[in-house]
Amino acid sequence: MPESRIRSETSSFEAESLNNLAACASQVDAIFAECAKAHPDFDLSPAEFRDAIERAVRKYLMTQRVTPSREQVGRFIGELQDRDLYLALACGRGNEQAWWEFDRQYRSFIERWARHLVRSGSDADEVIDFVYVELLGTRVVDGVRQSKFRTYTGRGTLRGWLRTVMLHAVVDLYRGRKDEISLEEWSGSAEETRERHGSLTATRGTEELMLVNVVRERYRAATMTALDQSLASLDDHETLLLLYYHVEGLKLREIARIVEQPRSPIRRWFQRQSKLRAGQSPGRVHESTVMRWLEKVYKKVSDHFHAELANKHGLNPAEIEICKAIATEDPAQGVRLDSCVTDSEGFNTEEAEGRRVEGAS
Amino acid sequence: MKKKLTEQEVGTETETIRYMIDQRLKARIPEQPALDAHVDEDAICAFVEGRLEEAEASPVISHLITCASCRHTTALLIRFESQFEPEQDPTPDEGPGRVRLLLERLAAGFTPPLEEDAVFAYQNPEPDQTAESVGEETSEKPDEGN
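Given the structure is predicted, the values throughout are model-derived calculations rather than measurements. (Residues numbered from 1 in each chain as written. Chains lettered and ligands numbered in written order. Predicted model: local features only at pLDDT ≥ 70, side-chain atom pairs only at ≥ 80, totals over all residues.)

Overview of helix α3 (residues 46-61) of chain A
Residue and element names in this part refer to chain A.
Next up, step 1: Over its 16 residues, α3 runs 22 Å from end to end, which matches the ideal 22 Å to within 8%, given 1.5 Å per residue.
Next up, step 2: Along α3, the positions that sit buried rather than exposed are F49, A52, I53, A56, V57, Y60 and L61. Relative to the axis of α3, the buried residues are bounded by an arc of 140° and lie together on one face. Turned more than 90 degrees away from the buried face of α3, the exposed residues are A47 and D51. (Helix = DSSP H or I, 4+ residues; strand = E, 2+ residues; numbered from the N terminus. Expected span 1.5 Å × (residues − 1). Buried ≥ 20, exposed ≤ 12 C-beta atoms within 10 Å, placed from the backbone. Arc of directions from axis to C-beta.)

Now the structure itself:
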């Protein structure tokens, strides 16, 4: 596509989006009036507030190259945490009264959250200091202090945003330390994660014949390829939840909490998968529900995995069982390829291997 | 013809595939996106709080699948939040003791680039507040709750 046309379409998309935002001006003004009424001493102008709303719209609604409708923009604005945004904007420009209000509302929370993240009191103080420095802003560009507050759009709560900023501060603080202790170690939550993550290290039998090793490696490669293909066939929500469970070590009830969020896209997806109507859906999602859902995903992967090995790699059921045995073998036992790799047609391991696992490695 | 599995075999089959998935996902080497490609705190917060519409969440979810760092942040937020005690009422207006001490520590830790920046906008609004009263207030700070 010619560059001039791309530019033209871009400016058209942007112009239409901003027109729809402009159509919501009265809504923005009304929100601003409410906030200003509650805190007349924050000294924030309507223009600054409008600019902040535009930044939020650009960030969240104008990324997909699909012009958001006026209704979408209006709904988006209505969902913004306007009071939080108003406070953050005023703090960001250094308004004294706003800072007192911020301190009154969030001081206790910041201290408690810092001590929740790190067990050491002095580290917690260091984190709090660091975060306050970030919030105040130490750099000045064109006469404007670059406060961290300027990155807050009001899409989430100010409290949640502070949680995230502080967590990043903790990660940065400890990243620089020599001993490289993980965050779970500092906060004491490592144990349960470790329990679930106890992994078996696959070791290769050193006494097997070279031929068997070659066969084994080809089956192993076919297994990994098929498993990767099966995992790739999942949709993003399924993959993310598997990663949360298996890699991040989140527990079922913690996953249930993500799904419980009333507006969570993961919840909506989950409801669709579970064929629940929104009206029938209870507010609470139990661990057992998540477990059943996980089992469905395992079944989906399993079916895809078998189909991949059978159709793409030409393996028969006995060979597929060998693949699974190799993937899950107890290192102490090993898998007897020489005795069990014979398919229904009587091919031996070598022949079956030569015929069927072509291109697997 | 496909053999019908017994209940026990189905259980074993699930365990097997579960183990394989577990090992495979953990063995993957995470990608390292460019620093500016990470999801910022604002979007992470909105995602974890379940406030993003599906179209807004879609790029975030795609990023979390490939970026171990951002995914780990969201997982930690979910985990820590579930262990965090319910929020109490905001601290009553008890004066600026804590924030003043913080600012004093901060002021000792860095030098603002411009002179006017040294005058923070958050000075004690009560001119009669003495250092002693600040110290008393700090010492009476409520239990941190953890």
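Observations concerning the environment of A36 of chain A
Residues and elements named next belong to chain A.
Next up, step 1: Checked against the element boundaries, A36 lands in helix α2 (residues 25-38).
Next up, step 2: On the basis of neighbour count, A36 is assigned to the partly exposed category, with 17 C-beta atoms found within 10 Å.
Next up, step 3: With 133 residues separating them along the chain, A36 and A169 place their C-alpha atoms 32 Å apart.

Brief notes about the packing of helix α8 (residues 158-175) of chain A against helix α4 (residues 68-83) of chain B
Next up, step 1: Direction vectors running N to C along α8 of chain A and α4 of chain B enclose 120°, while the axes themselves pass 11 Å from each other. Judged by the sense of rotation from one axis to the other, the crossing of α8 of chain A with α4 of chain B is right-handed. Within the contact between the two elements, α8 of chain A uses R163, T164, L167 and H168 of chain A and α4 of chain B uses T73, L76 and L77 of chain B. (Axes fitted to C-alpha atoms, helices over the stretch in contact; angles between N-to-C directions. Left-handed = near helix turned anticlockwise from the far one by under 90°. Contact = placed C-beta atoms within 7 Å.)

Some thoughts on the packing of α3 of chain A against helix α4 (residues 70-79) of chain A
Residues and elements named next belong to chain A.
Next up, step 1: Where α3 contacts α4, the axes come no closer than 11 Å and their chain directions differ by 115°. Regarding α3 and α4, the two cross each other, and that crossing is right-handed. Residues I53, V57, Y60 and L61 of α3 lie in contact with α4, whose contacting residues are Q72, V73, F76 and I77.

Re the confidence of the model for chain B
Residue and element names in this part refer to chain B.
Next up, step 1: Taken as a whole, chain B shows an average pLDDT of 67; of its residues, 45% reach a score of 70 or greater.
Next up, step 2: Between the elements of chain B, mean pLDDT differs from a low of 36, seen in helix α6 (residues 131-139), to a high of 94, seen in helix α2 (residues 41-48).
Next up, step 3: This model gives residues 92-96 a pLDDT under 50, and the stretch forms six contacts once residues within four places in sequence are excluded.
Next up, step 4: Taken as a whole, residues 110-146 scores under 50 in pLDDT and shows 43 contacts with residues more than four places along the chain or in a different chain.
Next up, step 5: Here the predicted complex scores 0.72 on pTM and 0.76 on ipTM. (pLDDT = per-residue confidence, 0-100.)

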